[in-house]
Amino acid sequence: MNIIYNNILSILIFTLIFNNIPKPIQLNFLGGPVGSKLVVYPLIAAFAYTFYCQYKYKNVFADIKEFLKYILVFISIMLLSTIVGLFNYPYYDLVLNGPVNQIEKLPKVLAFCHAHAVDVDSKLLMQAWIIARQLKSVLMEVFWCFGGAYIIYCLIRNEKKCALNVIGKAILCSAVIIIAYSVIELGWLANSNADGKILSTINPYIHSIKDDGKWWPPLLWNAQLRSIFAEPSYYGIYMTFALPWFWYEIYNQKSKFYMAVTFILTFFLFLTKARTAFVLHLGELVIFTLCIICFTNRSKEMLKHWGKIIAVSCAAFLAGNIFINQCMVTKQSEPLSIEKSMTQYVESNAASLADPDQRSNRARYSVMEADFKIGLVHPLIGVGKGLRSSYMPDYFSEKAFQNGEVKMWLSFREKLGIMRSGFPRLGEYTTRFAESGILGLGIFLLPIVILLRKLYRKLKMSTDKMPYIAFTVSFCGILAAGIGDSLNITYCYWLLLGLGYAMCFDNTKKEKESNESA
């Protein structure tokens, strides 16, 4: 991997932690699903340099025919779904009678037309804008998400070991930023007003505070650590990606330094008090254990490594509960015994998932249920990309309308308009089922199924299993995060998709020969 590719990949991985950058530096119009993330800038560099090298050397793009065939089928299904959805869309009157500024750029276009004496019907223009916007969103997802994953595959397909080294160093650099920020946040969580003032100064340079006139993300987050991310659960999702690679570095380098960093990051994870973070981490420990049992010879070295990871997580859980119980108490609460604190933590963050009325379950489950019902009514191609929010109130249960969070989403929708303030994507797979039906969901899952199948063979037959175990844990964890959240919260899924294909479909002669003999 040449030094330019190396630097681009390093910066791309480093910027994964900045997933809600301030408005002045966002590229929403050109960046689509990655426009609000800092990763959009190294992605632009990656695309530009890759196209340049392909033009000059003609040897960068790999398996381009297979990729383009898949993309053609994906675009065809998504465009069919969106065009049919727009043709059958029953809510045009609701959109057209809403505020004109619900489409961000439209007022500027209208003002330009009126300033130049061009007679334009605002409602007709809005209707055309809606159609163009939804079609654009399909193409933006293909380019930045699938195209980005393909570029990453091309970058590292013959430089796997170098890429793994880059990943380890880039994630470590990100960890330094996370730890430095979180140390200040620990003071805020321990009721230090001085640290709160520091965070209040820093955060507007990191986040788009109270984005689009809503409450989220707030300037400061109370009673939960969120670190450099927009909300606590996002920290958990990023660590789902990052921690398995630290586990790999602990094994690879036999380094106490990486153990210390892993302990600190896991300690912070428990301070988020986010169910997403806790359950995903617990799930990854289970997957890691199964990989050690099923795909290694359970040697003394492997079992010792497994024991280290479990011990670090247990120690971090204990330390997290001590901090929560001793430092994050309020005047209204009394410190608990450590045993009771840990029991309460597990009940609140894991057992509570079974109760639809605990914490934010009612809002989350209502959105997922409505998405699933929409998909059942429109099973083949869904209602069209970006259009499901208009349908959702018709599929909410009575209890959903009584939920405070759902009421807030409905009030924002009424105030800002359907096209500007819809319902969040709380579940990648249910959302895709609602928007693009079985065909859209199936074509989206196809690369995942192919990769997991190839990954299983690699785990069974490779002599150097730890890189594949680390990837398996990280990738499966991110896929699990997609059950209750969007996979586009961070760019981690698309990075892993490109990395996974590079690791499992290596084009070197040696790899081909080993596959043929297998």
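Source: prediction; values computed, not measured.

According to the stated counting rule, one finds 47 aromatic pairs in the structure shown. Between F396 and F423, the aromatic rings sit 5.3 Å apart at their centres with planes inclined by 80°, giving edge-to-face as the arrangement. Within this pair, whereas F396 is found in the loop between α16 (388-391) and α17 (398-401), its partner F423 is found in the loop between α18 (404-416) and α19 (428-461), the two being separated by 27 residues in sequence. Each of the two residues, F396 as well as F423, counts as buried. Centroid distance Y501 to F505: 5.1 Å. Interplanar angle 15°. Geometry classified as stacked. On the basis of relative accessible area, F505 is assigned to the partly exposed category, the value being 27%. Here the aromatic residues F47, F51, F61, F67, F143, W144, Y150 and Y153 are joined through ring pairs into a cluster of three or more. Over the face of the ring belonging to Y251 we find K254, whose NZ or CZ atom lies 4.5 Å from the ring centre. Sitting over the face of the ring of F444, R432 holds its NZ or CZ atom 3.9 Å from the ring centroid.

We now examine helix α8 (residues 160-189). Compared with an ideal rise of 1.5 Å per residue, which puts 30 residues at 44 Å, α8 spans 41 Å between its outermost C-alpha atoms and is within 8% of the ideal. Approximately 25° is the largest bend angle found in α8, and it occurs at V183.

This paragraph deals with the pattern of salt bridges. Counted under the stated rule, the structure contains nine salt bridges. When the shortest N-O distance is used, the salt bridge between D485 and R364 registers 3.6 Å. Of this pair, D485 sits in the loop between α20 (466-484) and α21 (492-504) while R364 sits in helix α15 (residues 361-377); the two residues are 121 residues apart in sequence, bridging distant segments of the chain. Taking relative accessible area as the criterion, D485 reaches 7% and is therefore assigned buried.

In the predicted model, the protein carries a mean pLDDT of 88, and the fraction of residues at 70 or more is 94%. Counted against residues more than four places away or in other chains, residues 508-518, with its pLDDT under 50, gives nine contacts.

On to the side chain of H281. Mapped onto the elements, H281 comes out in helix α12 (residues 275-295). The contact partners of H281, leaving out residues within four places of it in the chain, are L243, W247, T266, L269, F270 and S313.

So, on to the nonpolar core. Judged by nonpolar contacts, the single largest core of 132 residues is most densely connected at Y238, F241, W245, L265 and Y493. Counting 26 residues, the second largest nonpolar core, distinct from the first, contains M126, V383, A400 and A434.

Reading the values: rules and limits
Residues numbered from 1 in each chain as written. Predicted model: local features only at pLDDT ≥ 70, side-chain atom pairs only at ≥ 80, totals over all residues. Heavy atoms only, no water. Phe/Tyr/Trp six-rings, centres within 6.5 Å; stacked < 30°, edge-to-face > 60°. Helix = DSSP H or I, 4+ residues; strand = E, 2+ residues; numbered from the N terminus. Buried < 20%, exposed > 50% of the residue type's maximum accessible area, 1.4 Å probe, protein only. Lys NZ or Arg CZ within 6 Å of the ring centre and 35° of its normal. Expected span 1.5 Å × (residues − 1). Bend = angle between axes of the 7 residues up to and from the residue. Salt bridge = Lys/Arg side-chain N within 4 Å of Asp/Glu carboxyl O. pLDDT = per-residue confidence, 0-100. Contact = heavy atoms within 4.5 Å. Core = buried A, V, L, I, M, F, W, Y, C linked by side-chain atoms within 4.5 Å.

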